[in-house]
Amino acid sequence: MTDTMGNLATVGRVRAETDALAEAIACAVLAESAPRGSAPADRERLLPFVRHAVEEALEAAGRPPRGGSRAGQGTEPPTALRWDSLAPDLVRAVRQTAFARTWRVLVDGADAAERIGLLRVAAEFFEQAGHAQAASAPTRRDPASAGNEALYREVAEALLDGRPAEPLASRHGVRLAPSYAVALVRPREPRWRPAIDHYAILTAERQDAEVLLLPTLLPVPWVRLRAFCERMLDGVVDVSRTRASVASAQTHEHIPAALEEARTVQQVTDVLEFDDGVHQLSDMPVEAALTRCPDLAQLLMSRLVPLHGNGASLMHTLLVYVNLGQDRRCTAQALHIHPNTLDYRLRRIRELTGLAPTVPQDLQALLSAMTAWRLTRGPITAAT
C-alpha cells in the first residue's frame, strides 16, 4: 500500500482500539457459528485469531504498526497462531467478519479526504487480489523446506476424494486454505509450487492430467475464475502451451464436484480441440450439457444422420456455411462451388432434416446437433 495510506489518522485510531473491536467481532462470530451459551473460554481462545485477522485488514489499509507487540496482544507472535486448530468454517467466519467490520469502522471514522484515500486503496487491493482472498503475489516455496512432497500429495488426494482432510493436514503440518480452485493441467509440466499467503498449491495426478488445487481465502466467482487461475498458474506452467480446465470450489466439501466439472471442461476442450489456455464451464454451457447428457446428444445427433455420407458432403457444407456467418458468396467460394449449387445443398439439408439453415430457430437446432455429432463421433470433414 502507499505511504499516504499508512499515515491516515483513521487507521491509527482503529488500530488503537483493536482490542475492543476484536472483542465485538469474536462475540459476533460465536453468536453466528457457536451454540447458545458458549463458555467465555471459547471467546478467549478465539480472540488472538480475531486480533490477527483485524491486523491483516488494517495492513490492507495502511502500513503495519511500528515496534513490537500491542498492548493486550500477549507475547505470542501472530505467526505462532495455529489457524489449522480451528474448524475451516470458523476460520472463514473470523477472516470475513474481521475484514468487513474493520473496514466499516475505518470508513465510518474517516473524514471526506480519508474516505477518498480508503476508496483508492480498496480499488488497488481488489484489483491486485482479483477478489478479497490474497493481497500478496505468489512466492516460491522450496519443497525441501515445506516438507515431504508426498505428504502434500496425500492431503490433496483426500480433498479430491471427498475424505476428511483436516486431521491429515494437521498431522503432516500442511496448512489448508478455506477454499480452492481446481485446475486440470495437460500436458503435465509443473515447474515449482508457489505458496500464496502461506497456503501451498496442492497437487495430485488424475488419469493423464495434473490436478492443481489453487488456494484462496474466499470462493472465486465464475466471472473472475479465468483471471484468478491465470495469475496463480503463472510460473507453475506455461499457460500459452498448456490447456488448463478449471472450476471453483466454495468449501473443501465441494472440491470433488469441482473436479468433476473440470473434467467435463477438459473432455469438451479435448474433443473439440480448443486452443491452449485456461478454460471453464461458462465458456461451453451447451457442449458441457451435451457431454453430461449423452441421451440428449444422441437425440440431437440423429437429426443429422440423413446427411451422413450423402455424397455431396452436406454436413461439411453446413459447417462451412455456419462458420462463415451464413454468407452465401463466401461459403460458395470456400467450397469451390457455384452459389446456385450451395442453394441446392441448403434446400437438400432442409428436406432431409426438416430444419432450414436459413431460419434462425432451425439453425440453432442444427448447431446443437453438429456439436453433439462432434462430441460423439468426432470432427466434421469433407469426407463426413
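Okay, the packing of helix α14 (residues 314-323) against helix α17 (residues 360-377) next. The geometry of α14 relative to α17 is characterised by a closest axis approach of 11 Å and an angle of 115° between their N-to-C directions. Of the two possible hands of crossing, α14 and α17 adopt the one that is left-handed. For the pair formed by α14 and α17, the contact residues are M315, L318, L319 and V322 on the first element and L363, L366, L367, M370 and W373 on the second. Its residues assigned to classes, the contact of α14 with α17 shows 9 nonpolar, no polar and no charged.

Moving on to the confidence of the model for the protein. In regions of low pLDDT, the predicted coordinates are not meant to be interpreted in detail. In this model, the protein carries a mean pLDDT of 78, and residues with pLDDT of at least 70 account for 77%. Across residues 1-6, where pLDDT falls below 50, the model places 15 contacts with residues more than four positions away in sequence or in other chains.

What follows covers the nonpolar core. By size, the foremost hydrophobic cluster in this structure holds 31 residues, and its most contacted members are L304 and M370. Non-local contacts of L304, meaning those with residues more than four positions away in its chain, are made with M315, L366, A369, M370 and W373.

Glancing now at the packing of aromatic side chains. All chains considered together, the criterion is met by 1 aromatic pair. Pairing F99 with W103 gives two aromatic rings, centres 6.1 Å apart and planes at 25°, and the pair type is stacked. A residue pair is termed a helical-turn pair when its members lie 3 or 4 positions apart in one helix, as F99 and W103 do in helix α5 (residues 88-108) at 4 residues. With a relative accessible area of 12%, W103 lands in the buried category. Here the basic side chain of R377 rests over the ring of W373, its NZ or CZ set 4.5 Å away from the ring centre.

With that out of the way, let us pick up the pairing of strand β7 (residues 243-249). With 6 of its 7 residues buried, β7 lies for the most part within the structure. Looking at chain direction, strand β2 (residues 179-186) and β7 are connected through 7 bridges and run antiparallel. Note on β7: the bridge partner recorded for V182 is A247. In this sheet, strand β8 (residues 277-279) lies alongside β7 in parallel orientation, the contact comprising 3 bridges. In the strand pairing of β8, R243 is matched with G277. Traced from β7 through helix α11 (residues 255-271) to β8, the parallel crossover comes out left-handed.

This part takes up the environment of L218. Along the polypeptide, L218 turns up in the loop between β6 (209-216) and α10 (222-233). The exposure class assigned to L218 is partly exposed, which follows from its relative accessible area of 23%. In the structure, L218 is positioned 41 residues away from A177 in sequence and 9.1 Å away in space, judged by C-alpha atoms.

Let us now look at the sheet that holds β6. Judged by pairing direction, the sheet is mixed, and its 5 strands sit side by side in the order β5-β6-β2-β7-β8 without closing on themselves. Each edge of the sheet is formed by a strand with only one pairing partner; in this case those strands are β5 (202-206) and β8. Across the sheet, the axes of successive neighbouring strands diverge by a mean angle of 25°, strand direction being ignored.

Remark: helix α12 (residues 285-292) packs on α17, axes separated minimally by 10 Å, with the N-to-C direction vectors making an angle of 55°. Taken together, the axes of α12 and α17 lie oblique to each other. Where α12 crosses over α17, the two elements pack in a sense that is right-handed. For the pair α12 and α17, the contacting residues are V286, E287, L290 and T291 in the first and S368, T371, A372 and L375 in the second.

By the burial criterion, the buried members of helix α15 (residues 328-335) are T331, A332 and L335. Buried positions in α15, seen along its axis, are confined to an arc of 100° and lie on one side of it. Considering only its buried residues, α15 is in contact with α14 and α16 (339-353). You can read the cap of α15 off the contacts: a side-chain oxygen lies 3.1 Å from the backbone nitrogen of R329, and it is on D327. With its phi angle positive at about 60°, H336 sits one or two positions after the end of α15.

Rules used throughout
- Residues numbered from 1 in each chain as written.
- Predicted model: local features only at pLDDT ≥ 70, side-chain atom pairs only at ≥ 80, totals over all residues.
- Heavy atoms only, no water.
- Axes fitted to C-alpha atoms, helices over the stretch in contact; angles between N-to-C directions.
- Helix = DSSP H or I, 4+ residues; strand = E, 2+ residues; numbered from the N terminus.
- Left-handed = near helix turned anticlockwise from the far one by under 90°.
- Contact = heavy atoms within 4.5 Å.
- Nonpolar A, V, L, I, M, F, W, Y, C, P; charged D, E, K, R; others polar.
- pLDDT = per-residue confidence, 0-100.
- Core = buried A, V, L, I, M, F, W, Y, C linked by side-chain atoms within 4.5 Å.
- Buried < 20%, exposed > 50% of the residue type's maximum accessible area, 1.4 Å probe, protein only.
- Phe/Tyr/Trp six-rings, centres within 6.5 Å; stacked < 30°, edge-to-face > 60°.
- Lys NZ or Arg CZ within 6 Å of the ring centre and 35° of its normal.
- Pairing = 2+ DSSP bridges.
- Right-handed = clockwise from strand over helix to strand, strands pointing away.
- Parallel < 35°, antiparallel > 145°, perpendicular 65-115°, else oblique.
- Arc of directions from axis to C-beta.
- Polar contact = N/O pair within 3.5 Å; in protein donor to acceptor, adjacent residues only side chain to side chain.

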